[in-house]
Amino acid sequence: MNILTEKFNTPYHTAPFNEIKNEDYLPAFKELIQHSEEEIDALVSSSEEPTFANVIEALAYSGEQLDVVSNIFFNLNSAETSDELQQLAQEVSPILTEYSSKISQNEALFNKIKKVYDEKEKYDLNEEQEMLLEETYKGFVRNGALLNEEDKEKLQKISMDLSLKSLQFGQNVLASTNAYYKHITQKEELAGIPEAIIEQYAEEAKERNLEGWVVTLQYPSYIPLMTYAENRNLRKELALANGKKSFDGGEFDNQHMIKEILELKQQKAELLGYATYADFVLEERMAKSPGKVLDFLNEMLTKAKPYADKEIEELKALAKADGIEDMQSYDHSFYAEKLRKEKYDLNDEELKPYFPLDQVQDAVFGLAGQLFGLSFKERSDIQKYHEDVKVYEVQENGEYKSLLYVDYFPRKGKRAGAWMTSYKNQYIKNGENSRPHISIVCNFSKPTKDTPSLLTFQEVTTLFHEFGHALHGMLANTQYPTLSGTSVKWDFVELPSQFLENFCYEPEFLKTFAKHYTTGEVLPDDKIQKIEQSKNFMEGYQTMRQLGFGILDMNYHTKVAELEHETVKEFEDKYTKATQLYPSNPETAMSPSFSHIFQGGYSAGYYSYKWAEVLDADAFQYFKENGIFNPEIAAKYKILLSSGGTKDPMELYKSFRGSEPKVESLLKRAFG
């Protein structure tokens, strides 16, 4: 019996990680796809009159076990991959793409859906049912249901090619990241870097059976070096290595992959009747059109540029005092940290002892308790995919609400960055509320033999960010799995995550958990005040950086034809020029490792981070005006989180806030 094809005989039907073998996946996918296709065939061949219940609802609940196994497989491919798993992904992805294309282009099924859709007035549908019907119909149309047979086949091939190339893009970035390391044998080369970080470098060297110290391109290794290393040549070498990821013409180069992915997306858009891929994507977002997105980004650019220019001038003055006349991007973090220390007498290494990971986790758990009535209890009887992972049962008023997996430390088989994901969606069926299994994956510094994992303040906000996404999943309370949790418009999905980050800057909250890991001393008031004051430090620079990514993304997905006679580097430089604050280096480009848009789901959607900042600034302003732990406002916000994609996001937001979000809330928070 294949462990993956049955309902798991585990607590809360959790993934049986200890029992899954790599060879289980392919036969399981084939069997579960066959089973799901049989469900669809039964639905299509039924002689009953098509109704909302026997077509739309039946479809929404179909393929449950296939979804669970897909979640397990692709989550592990991100968090605990191997050469074998990556090879399997290359086999599995086209099979799944073919399966979903077969369903979305099933003419008989679509005819039944269309009949229900055309006759929707005769059904007494509630708001969520109306949304499910609308999303189901549109989903089929956007997947080619109205195309002729020849074009359907073309679309299916494009979708399969895209899934494979996106996978390959990510694998290239991971391989390119892992391929580089800098072996250092003279400790003086590491001057300026805090001892705790140097200790990490020594442990990395030991793991590689080397003497001395090893620095890698993994963020917990790379970022501290760029921030603290006095050795400018070393900073330059690491920055060049990082900027050359998948851009060095070697085995893992992604430049051709970018052009191929974008060309396929453009073909897909045109087949479906859209001018560009961005038009296709944005039809289903709050922003609606590329023009509106670019207007928004350019408005923010105009407001932020003077602040960014002023910030860079301050850094250049510091660099000039050190004899550097030609400040480069690889000097930015070093001098920004110097300026931050000068202005606020605050640096990450001073703060880290006050933010041991366990305390920060307790704080975010406690906040979820105070705002939403949740409690967290570690479970030792639930299987995990790696020993670093911990699993918590989440309860509300003593009742089981969700499971939360947390996976905090970097390792070779885990991709960089931080993300929230799920192993199982929430939904209600036959009166039973099936609760979700949510996961947070990060890359924080590991504990050493002498110290626990101590977080930089940025890592503290990262944990709160991902936990905000997790709350969106854990509090989900919708009838249908396809509308549950984070299944919302993409430019709405970052609201819960970015909203929660705001609490990290609130003195009354900080004092409850920012305590020295050895003495128990609360973070002194002057440091808390400096954290508050430094909240907008380099805000102009950070805003320009995000706007650059957003503008580049939007142009990639509206002007793909230009890449026929331009290199990726030329295209990137052209469309980020207005946001660039340092000279472009001809040896580096960020696009070949821009996984958000070429591997993840942010194609023509990177702007949504800034868009959601308007939402989160406006939402938190509401709390600030009425008390950050205000129970009535928290209860309204909880409704927003639990509603998932059951309502139009703007209507959902207005129900919570009483009005549409105001850009002024963000500008006030960012620039005063």
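The coordinates are above.
Residues numbered from 1 in each chain as written. Predicted model: local features only at pLDDT ≥ 70, side-chain atom pairs only at ≥ 80, totals over all residues. Heavy atoms only, no water.

S.K.: Outline the pattern of salt bridges, supporting the account with residue identities and numerical values.
M.R.: Considering all chains together, one arrives at 55 salt bridges under this definition. The partner of Asp151 in a salt bridge is Lys154, and the shortest N-O contact between them spans 3.7 Å. Residue Asp151 and its partner Lys154 are both found in helix α7 (residues 149-179); the two are separated by 3 residues, about one turn of the helix. A relative accessible area of 18% means that Asp151 is categorised as buried. Put simply, Asp616 and Arg669 hold a salt bridge, and the shortest N to O gap is 2.6 Å. Residue Asp616 is located in helix α24 (residues 608-626), and its partner Arg669 is located in helix α27 (residues 663-671); the two are separated by 53 residues in the primary sequence. Exposure remark for Asp616: the relative accessible area of 1% places this residue in the buried category. Ionic contacts of the salt-bridge type, sharing partners, join the residues Glu80, Asp388, Asp407, Arg411 and Lys414 into one network. (Salt bridge = Lys/Arg side-chain N within 4 Å of Asp/Glu carboxyl O. Helix = DSSP H or I, 4+ residues; strand = E, 2+ residues; numbered from the N terminus. Buried < 20%, exposed > 50% of the residue type's maximum accessible area, 1.4 Å probe, protein only.)

S.K.: Now, about the sheet that holds strand β4 (residues 390-396): what can you tell me, with residues and values included?
M.R.: Reading across the sheet, the 5 strands line up as β3-β4-β5-β9-β6 and stay open at both edges, with mixed pairing between neighbours. Whereas interior strands pair on both sides, the edge strands pair on one side only; in this sheet they are β3 (374-378) and β6 (419-424). Across this sheet, the average inter-strand angle for adjacent strands is 30 degrees, counted without regard to direction. Pairing between β3 and β4: 5 bridges, direction antiparallel. Across the sheet, the residue bridging to Leu374 is Glu396, located in β4. (Pairing = 2+ DSSP bridges. Axes fitted to C-alpha atoms, helices over the stretch in contact; angles between N-to-C directions.)

S.K.: Before we move on, can you summarise the packing of helix α25 (residues 631-642) against helix α26 (residues 649-657) with the specific residues and values?
M.R.: Here α25 crosses α26 at 170 degrees, and the two axes come no closer than 9 Å. What the angle tells us is that α25 and α26 run roughly antiparallel. Residue-level inspection shows Ile633, Lys636, Tyr637 and Leu640 of α25 in contact with α26, the latter providing Leu652, Tyr653, Ser655 and Phe656. For the contact of α25 with α26, the residue count by class is 6 nonpolar, 1 polar and 1 charged. (Parallel < 35°, antiparallel > 145°, perpendicular 65-115°, else oblique. Contact = heavy atoms within 4.5 Å. Nonpolar A, V, L, I, M, F, W, Y, C, P; charged D, E, K, R; others polar.)

S.K.: I'd love a proper account of the pairing of strand β9 (residues 437-441), names of residues and values included.
M.R.: Extensive coverage of β9 is indicated by the burial of 5 of its 5 residues. Judged by which residues are buried, β9 turns out to be covered on both faces: His437, Ser439 and Val441 on one side and Ile438 and Ile440 on the other are all buried. Where strand β5 (residues 399-407) lies against β9, 5 bridges are found, and the strand directions are parallel. Looking at β9, one finds that Leu404 is bridged to Ile438. Across 5 bridges, the pairing between β6 and β9 is antiparallel. Within β9, the position partnered with Trp419 by the bridge is Val441.

Any link to function would need more than the numbers given here.
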